Amino acid sequence: MQQSPEEARRDAAEDAQWSRPECQAWTGTLLLGTCLLYCARVSMPICTVSMSQDFGWNKKEAGIVLSSFFWGYCLTQIVGGHLGDRIGGEKVILLSASAWGFITAATPLLAHLGSAQLVFMTFSRILTGLLQGVYFPALTSLLSQKVRESERAFTYSTVGAGSQFGTLVTGAVGSLLLDWYGWQSVFYLSGGLTLLWVYYVYRYLLSEQDLILALSVLAQGLPVARHSRVPWRQLFRKPSIWAAIFSQLSAACSFFILLSWLPTFFKETYPSSKGWVFNVVPWLVAIPASVLSGFLSDHLISQGYRTITVRKFMQVMGLGLSSVFALCLGHTSSFCKSVFFASASIGLQTFNHSGVSVNIQDLAPSCAGVLFGEDRSTW
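Residues numbered from 1 in each chain as written. Predicted model: local features only at pLDDT ≥ 70, side-chain atom pairs only at ≥ 80, totals over all residues. Heavy atoms only, no water.

1. Some details on the overall build of the protein
Right, on to step 1. Counting its regular elements, the protein contains 18 helices and zero strands.
Right, on to step 2. Counting over 379 residues, the protein shows a buried share of 50%.
Right, on to step 3. Look at the contacts in the protein between residues 6 or more apart in sequence, and 82% of them connect residues 24 or more apart.
Right, on to step 4. Of the roughly 18,600 Å² of accessible surface on the protein, a fraction of 65% belongs to carbon and sulfur atoms. (Helix = DSSP H or I, 4+ residues; strand = E, 2+ residues; numbered from the N terminus. Buried < 20%, exposed > 50% of the residue type's maximum accessible area, 1.4 Å probe, protein only. Contact = heavy atoms within 4.5 Å. Areas by Shrake-Rupley, 256 points an atom, 1.4 Å probe, with all protein chains shown as cover.)

2. A look at the nonpolar core
Right, on to step 1. Core analysis: the largest hydrophobic core is formed by 36 residues, its most contacted members being Leu 30, Tyr 135, Phe 136 and Leu 139.
Right, on to step 2. Of all the secondary-structure elements, those providing two or more residues to this core are α2 (20-41), α4 (59-73), α5 (77-87), α6 (89-111), α8 (135-146), α9 (152-181), α10 (183-204) and α11 (208-220).
Right, on to step 3. Considering each element in turn, this core owes the most residues, seven residues, to α2.
Right, on to step 4. Setting aside anything within four residues of it in sequence, one finds Leu 30 in contact with Ile 93, Tyr 135, Leu 139, Leu 142, Leu 143 and Val 159.
Right, on to step 5. Leu 262, Ile 301, Met 314 and Ile 346 belong to the second largest nonpolar core, which has 25 residues in total. (Core = buried A, V, L, I, M, F, W, Y, C linked by side-chain atoms within 4.5 Å.)

3. Some words on empty space enclosed by the protein
Right, on to step 1. Under the criterion given, the structure shown has two cavities of 30 Å³ or more.
Right, on to step 2. Lining of the second largest cavity is provided by Ala 40, Met 44, Ile 103, Thr 104, Thr 107, Ser 124, Arg 125, Thr 128 and Phe 187.
Right, on to step 3. Of all the secondary-structure elements, those providing two or more residues to the lining of the second largest cavity are α6 and α7 (117-132).
Right, on to step 4. A per-class count over the lining of the second largest cavity returns four nonpolar, four polar and one charged. (1 Å grid on protein atoms, 1.4 Å probe; cavity = no way out; pocket = protein on both sides within 12 Å on 5 of 7 lines; lining within 4 Å. Points joined across faces, edges and corners; volume = space filled by probe spheres on them. Nonpolar A, V, L, I, M, F, W, Y, C, P; charged D, E, K, R; others polar.)

4. Focus on the pattern of salt bridges
Right, on to step 1. This model, assessed by the stated rule, comprises two salt bridges.
Right, on to step 2. Glu 151 is paired through a salt bridge with Arg 20; the nearest N and O atoms lie 2.8 Å apart. With Glu 151 in the loop between α8 and α9 and Arg 20 in helix α2, this residue pair connects regions lying 131 residues apart in the sequence.
Right, on to step 3. The partner of Lys 91 in a salt bridge is Glu 90, and the shortest N-O contact between them spans 3.2 Å. Both residues of the pair, Lys 91 and Glu 90, belong to the buried class. (Salt bridge = Lys/Arg side-chain N within 4 Å of Asp/Glu carboxyl O.)

5. With respect to the packing of aromatic side chains
The way to describe two aromatic rings as a pair is by their centre distance and the angle between their planes.
Right, on to step 1. Enumeration over the complete set of coordinates arrives at 18 aromatic pairs.
Right, on to step 2. With 6.1 Å between their ring centres and 75 degrees between their planes, Trp 100 and Tyr 135 make a pair best called edge-to-face. Separated by 35 residues along the polypeptide, Trp 100 in helix α6 and Tyr 135 in helix α8 bring together distant segments of the chain. Of the two residues examined, Trp 100 and Tyr 135, each falls in the buried class.
Right, on to step 3. Pairwise contacts between aromatic rings join Phe 55, Trp 57, Trp 183 and Phe 187 into one cluster.
Right, on to step 4. Just above the ring of Tyr 38 sits the side chain of Arg 41; from NZ or CZ to the centre is 4.4 Å.
Right, on to step 5. Here Arg 203 stacks its cationic end above the ring of Tyr 204, 5.3 Å away from the centre of that ring. (Phe/Tyr/Trp six-rings, centres within 6.5 Å; stacked < 30°, edge-to-face > 60°. Lys NZ or Arg CZ within 6 Å of the ring centre and 35° of its normal.)

6. Remarks on a nonpolar patch on the surface
Right, on to step 1. On the surface, a cluster of nonpolar side chains totalling about 320 Å² of accessible area is made up of Val 173, Leu 189, Leu 193 and Leu 196.
Right, on to step 2. Sort the elements by how many residues they give to the nonpolar patch and α10 lands first, with three residues.
Right, on to step 3. Position of Leu 189 relative to the elements: it lies in helix α10.
Right, on to step 4. Overall, Leu 189 belongs to the partly exposed group, its relative accessible area being 38%. (Patch = residues over 30% accessible without salt bridge, like charges linked within 9 Å, V, L, I, M, F, W, Y side chains within 5 Å.)

7. Observations regarding the side chain of Thr 350
Right, on to step 1. In this fold, Thr 350 is placed in the loop between α16 (335-349) and α17 (356-363).
Right, on to step 2. Here Ser 290 takes part through its backbone nitrogen, which lies 3.3 Å from a polar atom of the side chain of Thr 350.
Right, on to step 3. The contact partners of Thr 350, leaving out residues within four places of it in the chain, are Gln 164, Ala 286, Ala 289, Ser 290 and Ser 293. (Polar contact = N/O pair within 3.5 Å; in protein donor to acceptor, adjacent residues only side chain to side chain.)

8. Re the packing of α6 against α8
Right, on to step 1. Interhelical geometry of α6 versus α8 gives an angle of 155 degrees and a closest axis separation of 8 Å. It follows that α6 is roughly antiparallel to α8 by the angle criterion. At the point where α6 passes α8, the crossing takes the left-handed sense. Of the residues in α8, those touching α6 at Gly 89, Glu 90, Val 92, Ile 93 and Trp 100 are Tyr 135, Ala 138, Leu 139 and Leu 142.
Right, on to step 2. Its residues placed into classes, the contact of α6 with α8 shows seven nonpolar, one polar and one charged. (Axes fitted to C-alpha atoms, helices over the stretch in contact; angles between N-to-C directions. Parallel < 35°, antiparallel > 145°, perpendicular 65-115°, else oblique. Left-handed = near helix turned anticlockwise from the far one by under 90°.)

9. Details of the environment of Leu 31
Right, on to step 1. Mapped onto the secondary structure, Leu 31 falls in helix α2.
Right, on to step 2. Note on Leu 31: relative accessible area 30%, which makes it partly exposed.
Right, on to step 3. Between the alpha carbons of Leu 31 and Tyr 156 there is a distance of 9.1 Å; along the sequence they are 125 residues apart.
Right, on to step 4. For Leu 31, the residues in contact, after removing those within four places along its chain, are Thr 158, Val 159, Ala 161 and Gly 162.

10. Points about α6
Right, on to step 1. Taking 1.5 Å per residue, 23 residues should reach 33 Å; α6 reaches 32 Å between its end C-alpha atoms and fits that length.
Right, on to step 2. If you look at α6, its biggest bend is around 45 degrees, right at Ala 105, and the proline Pro 108 turns up within four residues after that. (Expected span 1.5 Å × (residues − 1). Bend = angle between axes of the 7 residues up to and from the residue.)

11. Considerations on the packing of α6 against α7
Right, on to step 1. Close contact between α6 and α7 brings their axes to 9 Å; oriented N to C, the two are set at 170 degrees. Between α6 and α7, the angle falls in the class roughly antiparallel. Of the residues in α7, those touching α6 at Ser 96, Ala 99, Trp 100, Ile 103, Thr 107, Leu 110 and Ala 111 are Gln 117, Phe 120, Met 121, Ser 124, Leu 127, Thr 128, Leu 131 and Gln 132.
Right, on to step 2. Within the contact of α6 with α7, the residues separate by chemical class into nine nonpolar, six polar and no charged.

Have a look at this one:
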C-alpha cells in the first residue's frame with residue numbers, strides 16, 4: 001500500500017532524528033556552545049568599568065556601548081530561525097559562532113585602531129548582537145527537527161542552562177583576569193574558547209560537504225526545500241500561536257527586569273550585604289532548576305500525560321509561581337528571605353524552557369526556528 005505524502009514526510013522526519021548517542025553528544029556540545037555564547041556576551045559588561053577608565057567614557061557613553069548589543073540582537077531573530085529551517089540550525093550556529101568568536105577575540109585590537117574607541121566598540125557590539133541573535137532561533141529549529149518530542153524539554157532545558165553557567169563562569173574567571181592581566185584578557189579568553197569550540201564541531205560533528213552546501217545556498221540565495229515557505233496567515237489564525245508570543249514576551253520582561261535591577265535592589269536595600277551572594281546564588285540555583293524542569297517534563301509525558309498539559313503546567317510554574325516570589329521581594333526586610341525569593345523566582349523562570357520554548361517546536365516543527373525568532377523579536 002502506497003504511503004500518503006503526509007505519512008512519507010513524517011517518516012522522513014523521524015529518520016532524520018538523532019540517535020541517542022548522537023543526541024547526547026550534541027546536547028553536551030550545544031550546552032558548551034550556549035555557555036560560550038554568554039561568556040562572549042557578558043565580557044563587555046564585566047570590562048566596562050575598566051575600559052571606561054582607560055578611554056575616559058562617562059556613564060552615558062558606557063551605556064551606549066552596553067545597549068548597542070541589543071540593537072543588533074533584535075534584528076536577526078527571524079533571519080536566524082528562517083536560515084535554521086532552510087539549511088539546518090547546526091550550520092547557522094557554527095557559522096555565526098566562528099564570526100562572533102573572532103570579533104570577541106579581536107575586540108582589544110579594535111579598541112586601539114584609532115582614537116574613536118567609542119565608535120569602534122559600539123560597532124563591534126552591534127555586530128556581535130547581529131551574529132548572536134541567530135543562535136536561539138537556529139537552536140530551536142535544530143532541536144525541533146532532530147530531537148524526539150518526548151525528549152525535547154530535557155534537551156532544551158539542559159542546553160539552556162548554559163546561559164546561567166556562562167554568566168557565572170565569566171563573572172568569576174573574568175574578575176580574576178581583570179585583576180591579573182587587564183580587561184583585554186577577558187576578550188581573548190572568551191573569543192579564543194569560542195573558536196576552539198567551532199573547530200571541534202567542524203572537525204567531529206559536521207561533514208565538510210554539508211557545510212560547503214550550506215555556504216553555497218547562502219551565497220546563491222537558493223531554496224533548500226520545496227516546503228520552505230512559512231504559512232504566516234495560517235499560523236497567526238491560531239490562538240495557541242498568540243498565546244506563545246505573549247508568553248515569550250512576559251517571560252522576557254520578568255527575566256530581564258531581574259537580571260538588570262536585582263543588583264541595584266540589593267545594594268540599595270541592604271547596603272552592607274556581600275555582592276557575591278546576591279550576584280551568584282540565584283544563578284547557581286537556576287542551573288539545576290533548568291535541568292530538573294526538563295527531566296520532570298519529559299518524565300510526565302512518558303507517564304502518559306498529554307504533552308500540551310505538561311507544557312501548560314511548566315509555563316504556569318515558569319511565569320505564575322516565579323512572579324509570586326518576585327513580588328515577595330518588595331515585601332520583606334530580611335536579606336536572607338530576599339535572596340531566597342530572588343533565587344526561587346529566577347530558578348522557576350527556567351521552567352519556561354520546558355514550556356513555551358519547546359511548545360513552539362510542538363506547534364510548528366517545520367518552521368519552529370523562524371516562529372521562535374518572531375516571538376523573540378517582540379522582546
